[in-house]
Amino acid sequence: MKKPAPPPAPKRTAPKAASVPKKATACPIVGIGASAGGLEALVQFLAHVPKDSGMAYVIVQHLDPTQKGMMPELLQRATKLKVMQVKDRTRAEPNCVYVIPPNSDMSVLRGVLHLLAPVEMRGLRLPIDFFFRSLAEDQREQSVGIILSGMGSDGTLGLRAIKEKAGIVLVQDPATAKFDAMPRSVIDAGLADIVATAEELPEKLIAYRRHLPHLDKSELHLEEKVQSALEKIVILLRGHSGHDFTLYRRSTLYRRVERRMGIHQVGKISGYVRYLQENPQELGILFKELLIGVTNFFRDKTAWEQLATKALPLLLKGRPAGSTLRAWVAGCSTGEEAYSLAMIFKETLKHLKCADHISLQIYATDLDKDAIDKARLGLFPENIVADVSPARLARFFIKEECGYRVNKEIRSMVVFAPQNLIMDPPFTKLDLLCCRNLLIYLTPELQRKLFPLFHYSLNPGGVLFLGSAESIGNFTHLFTPLALKERIFQRNETAMQGSHLDFPAVYVPAHTSRQESQMAARVPAPSLQAIADQMLQQRYAPPAVLVNEHGDILYISGKTGKFLEPAAGKANWNVIAMAHDGLRTELSNAMQKVIRKKGSVIVRGIKIGPSADTRAVDILVQAIEEPKELFGMLLIVFTETVVPAELRLDRAKGKASASSSARQRELQNELKHARDEVQAGREEMQTSQEELKSMNEELQSTNEELQSTNEELMTSKEEMQSLNEELQTVNAELQAKLDELSGTNNDMKNLLNSTDIATVFLDNELHVRRFTLQAKTIIKFIPSDVGRPITDLASDLLYPELVTDAQEVLRTLVFSERSIATQDGRWFTVRIMPYRTMDNRIDGVVITFADITAAKKVEADLREQHRLLTRQAVEQGRALDKALGKPRGRRVAAPKRKSKS
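Residues numbered from 1 in each chain as written. Predicted model: local features only at pLDDT ≥ 70, side-chain atom pairs only at ≥ 80, totals over all residues. Heavy atoms only, no water.

In this section: the overall build of the protein. The number of helices and strands found in the protein is 24 helices and 30 strands. Considering the protein as a whole, with its 901 residues, one finds that 42% of them fall into the buried category. In the protein, the proportion of contacts linking residues at least 24 apart, taken out of those at least 6 apart, comes to 65%. Accessible surface, the protein: about 51,100 Å² in total, of which carbon and sulfur atoms supply 53%. (Helix = DSSP H or I, 4+ residues; strand = E, 2+ residues; numbered from the N terminus. Buried < 20%, exposed > 50% of the residue type's maximum accessible area, 1.4 Å probe, protein only. Contact = heavy atoms within 4.5 Å. Areas by Shrake-Rupley, 256 points an atom, 1.4 Å probe, with all protein chains shown as cover.)

This part takes up the nonpolar core. Nonpolar side chains in soluble globular proteins generally cluster together in the buried interior. Core analysis: the biggest nonpolar cluster contains 49 residues, and Phe 297, Leu 307, Tyr 339, Leu 341, Ile 362, Phe 397 and Phe 416 have the highest contact counts within it. Listed in part, the 47 residues of the second largest apolar core include Tyr 248, Leu 450, Leu 453 and Phe 479. (Core = buried A, V, L, I, M, F, W, Y, C linked by side-chain atoms within 4.5 Å.)

Leaving glycine out, the prevailing phi sign among residues is negative, and the prevailing peptide bond configuration is trans. Phi angles above zero are rare outside glycine, and Arg 89 is one such case at about 65 degrees. Notably, Asn 103 is not glycine yet its phi reads approximately 55 degrees, a positive angle. Its location among the elements puts Asn 103 in the loop between β5 (96-99) and β6 (105-109).

Taken together, the 5 strands give an open sheet; going across it, the order is β27-β26-β30-β29-β28, and neighbouring strands pair in antiparallel fashion. Edge strands, defined here as strands with exactly one partner in the open sheet, are β27 (768-771) and β28 (816-821). Direction aside, the axes of adjacent strands within the sheet are offset by 20 degrees on average. As paired elements, strand β26 (residues 758-762) and β27 share 3 bridges and run antiparallel to each other. (Pairing = 2+ DSSP bridges. Axes fitted to C-alpha atoms, helices over the stretch in contact; angles between N-to-C directions.)

Turning to a nonpolar patch on the surface, a few remarks are in order. On the surface, Leu 39, Met 70 and Leu 74 cluster together into a nonpolar patch covering about 230 Å² of accessible area. Within the secondary structure layout, Met 70 lies in the loop between β2 (56-61) and α2 (71-76). (Patch = residues over 30% accessible without salt bridge, like charges linked within 9 Å, V, L, I, M, F, W, Y side chains within 5 Å. Salt bridge = Lys/Arg side-chain N within 4 Å of Asp/Glu carboxyl O.)

Our focus in this paragraph is helix α4 (residues 156-164). Most of α4 sits out of view: 9 of its 9 residues are buried. Buried within α4 are the following residues: Thr 156, Leu 157, Gly 158, Leu 159, Arg 160, Ala 161, Ile 162, Lys 163 and Glu 164. Downstream of α4 by a residue or two, Ala 166 has a phi angle that is positive, lying close to 70 degrees.

This part is about the packing of aromatic side chains. Taken as a whole and judged by the stated rule, the model has 17 aromatic pairs. Ring centres of Phe 297 and Phe 397 lie 5.7 Å apart, and the angle between their planes is 80 degrees; this geometry places the pair in the edge-to-face category. Of the two residues, Phe 297 is situated in the loop between α10 (280-290) and α11 (301-316) and Phe 397 in strand β14 (residues 397-400); the sequence distance between them amounts to 100 residues. Exposure class is identical for Phe 297 and Phe 397. Each is buried. A ring pair is formed by Phe 451 and Phe 454, whose centres lie 6.1 Å apart and whose planes are at 85 degrees; its orientation type is edge-to-face. Of this pair, Phe 451 and Phe 454 both sit in helix α16 (residues 444-457), separated by 3 residues, roughly a single helical turn. On the accessibility criterion, Phe 454 (0% relative accessible area) is buried. Taken together through their ring pairs, the aromatic side chains of Phe 297, Tyr 339, Phe 380, Phe 397, Tyr 404 and Phe 416 make up a single cluster. The ring centre of Phe 298 lies 4.0 Å from the NZ or CZ of Arg 392, which sits over that ring. Above the plane of the ring of Phe 815 lies Arg 831, whose end atom (NZ or CZ) is 3.9 Å from the centre. (Phe/Tyr/Trp six-rings, centres within 6.5 Å; stacked < 30°, edge-to-face > 60°. Lys NZ or Arg CZ within 6 Å of the ring centre and 35° of its normal.)

With that settled, consider the pairing of strand β8 (residues 144-147). Burial of the side chains of β8 extends over both faces: Val 144 and Ile 146 are buried on one face and Gly 145 and Ile 147 on the other. Here strand β1 (residues 29-34) pairs with β8 via 4 bridges, running parallel. From the neighbouring strand, Val 30 faces β8, where its bridge partner is Val 144. Of the pairings in the sheet, the one linking β8 to strand β9 (residues 168-172) comprises 4 bridges and is parallel in character. Within the sheet, the bridge partner assigned to Gly 145 lies in β9 and is Val 169.

One side chain can pair with another of opposite charge once the charged atoms of both are near each other. The full count for this structure, using the stated rule, is 27 salt bridges. A salt bridge links Arg 436 to Glu 337, with the nearest nitrogen and oxygen atoms 3.6 Å apart. Placement of Arg 436 in the loop between β17 (430-435) and α16 and of Glu 337 in helix α12 (residues 336-352) is noted, with a sequence separation of 99 residues between them. Here Arg 436 matches Glu 337 in class, with each residue buried. One salt bridge in this structure joins Lys 780 and Asp 796, with 3.7 Å as the shortest N-O distance. Linking Lys 780 in the loop between β27 and α23 (802-812) with Asp 796 in the loop between β27 and α23, this pair joins segments that are 16 residues apart in sequence. With a relative accessible area of 11%, Asp 796 lands in the buried category.

Let us now look at empty space enclosed by the protein. All told, the structure shown has 1 cavity of 30 Å³ or more when counted by the stated rule. Looking at the largest cavity, its volume works out to about 570 Å³. Forming the boundary of the largest cavity are 33 residues, of which Tyr 248, Gly 331, Asp 366, Leu 438 and Tyr 441 lie nearest the centre. Elements represented by at least two residues in the lining of the largest cavity include exactly α8 (250-263), α10, β11 (324-330) and β12 (359-366). A breakdown of the residues in the lining of the largest cavity according to their chemical character gives 15 nonpolar, 10 polar and 8 charged. (1 Å grid on protein atoms, 1.4 Å probe; cavity = no way out; pocket = protein on both sides within 12 Å on 5 of 7 lines; lining within 4 Å. Points joined across faces, edges and corners; volume = space filled by probe spheres on them. Nonpolar A, V, L, I, M, F, W, Y, C, P; charged D, E, K, R; others polar.)

On to the sheet that holds strand β7 (residues 112-116). Strand order in the open sheet formed by 3 strands is β4-β7-β6, with antiparallel pairing between adjacent strands. Of all strands in the sheet, those with a lone pairing partner are β4 (90-91) and β6, marking the two edges. Where β6 and β7 come together, 5 bridges link them in antiparallel fashion. Paired with Ser 107 across the two strands is His 114, which belongs to β7. This element, helix α3 (residues 127-139), spans β6 and β7 of the sheet and lies at about 5 degrees to β6.

Fine structural detail should not be taken from predicted coordinates in areas where pLDDT scores are low. Here the protein shows a mean pLDDT of 78. Residues at 70 or above account for 82%. Long-range and interchain partners of residues 1-25, a stretch whose pLDDT sits below 50, account for 50 contacts in this model, where long-range means more than four residues apart. Confidence over residues 214-220 falls short of pLDDT 50; this stretch has 13 contacts with residues more than four positions distant or in other chains. (pLDDT = per-residue confidence, 0-100.)

Now the structure itself:
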């Protein structure tokens, strides 16, 4: 029987395990969440769990609070483990199964299960999320969460907390679940580590526990091999994603790697490095693991209350009307924290009643682009009722079929963007900076770089909002606490005078050279082919350089020292600047020709250096078209040649006999070079003139197109203005009709309620279209039943022919009327009539239920009185006959008289 759902229960707080030592309990606890269709999945799961697994299994399921739980008896038939229902303060023992009792919420503290009375017996309760969150706090990296068949999204938020503590999440394959909503919610959230059938999950869980290494070393005492392997993983991640995780805490990085090793049953971290090299998709998964953003609405409720009562009023005080506050939420994940800030700001404005025209602009950033995409949608599952009050849900959210979506008022306040806090420049001129539960994953060295940057980003009097596990350390001169326990600080005004600020805050590790040397030492030895190729290039391939169209050197092959040398002064890697004096002019001319005409140019016999009498150089400059990656670049090849002997002899004689003409030849050469340069300049100018002419023609054509486009836009503007006026008129008419329709609807609603006659409207498919309040006393209606078939709803009527009679009325258009009793003794006159529209079209049926219980009781009383009177008359007649002496027997009725009429 379907029961109405009351308002959702407010959030409950699980017992905190913050003061508990981090050491895991001796007995690992496995949390299992299931809902609709979960019994079959639980039977399949427990049937494959060995009796000596060494783990305790705690089952949390959605149960009817009014019914006695039969789950332990049903599950005991399928497993050899001991199955029992949880009692308050039950200690979890290995190789046992514990089932949550009805009408209870459950938490765990130091391996002991505690029962709590739920705030609401009905409505949207989230017992799985409640238990998983406490399990994550208690078991930390040893926590295990499993989701089986079920409806809704209960369990997703709890599993997110387990992932934050480096626990593992297993999910039943949605294709094998009777109801796949709960498993699919976990998978869509990116939280599932292992997805398999219910029968396969026990084996995979035990294999994970068997191969899971245990981190018992501090960050500073990891073995050298482990440090080396972690550095290799960081290098592989950097090559895959472009992000450097060198600045992450090694303990956090190692715990994430441990999880993946356990999932893939890899025993050594060096083996996992090889697995990453062979499976690039695992790099993407590990990258997501390191970016798991565990957040929820109004996390640390007291901190948000302090922000609303202390920080925001301080920022709003004296603020002129029309001004805008700027806020930055760093590490926003899927957006819950940014939207929480927007809601708190709106509530604070309403409470102060003096800053109605002040707005807030929030910049929310995160490294995870997928999380940013989800945050932009602003759509969240139904289980956010555990963190968001009903009043806030009604004011700031819109209920949709698959959850709650933030309304436009809140969504318009937030701008989401991907950003790397370490490498990218920060936002500035901020009034509020939220960086919560992000710094705990970064090294202390990096934190010392970020706090001065935060101080620089804030306006005077700005507020810094940190997470509960974070502090400002030694930077008390930069910030003054507003609420120290809640980690809310205000920027000091004069603290940065004389201080040095690294901008942007890029931290270079101190051991970079050692890491690079270790990596270089670990590079594998080159192959025979590589050595042979290197020798051929050095001995037989001519020296060459690869440059771009501007002459900047991109690659050097071979020994080019005879032809190129660095120029004095500031480093300049341009090939013209580095060329020797004798090469510079010829090389520049050749490059210009190749850039203009493409193809290749060869310049032969260029004499350079002190041995110019015996040595010369040939230059080949070629434009590259293939491969596409090198398109547009130039290849310059230097080939050293020998001057012929007879030419050297002639030159020697010439030196002896005609030394006076040396200056003349030099001047002739310079003149030739000058003429060549002038000719090249003339050709370039002609080419430029032609290009400018064609460009001028294109600009004139573009100008004409722009003028015509402008005229079209002006015409469109006038049409839009006219259309806008028409729309305003139509809008006014529609608003008047809407008001009229609303009034008519109210009148009709009051009329139907005042008649005290239950009425149900069905369409042609006998689906519920509308119903009155009185109908809820007969058929168990809830608001979401609109659109459902009438056959799916529970009813108190003893009227199995209801659907048949309704179909008959639709067929014959003749109304039907019957007197029908209910299970609790009431009587109703059920009248079924066709539903006629204003255009005389049949569009369903109308069923009315007139309460005739009182009339039936009067009728029953009259019948009883008639029976008693008849019996009394018979007894009196027999007594009279006996007194008159007539024999007792069957009396013969006297013949009736015929009526004269």
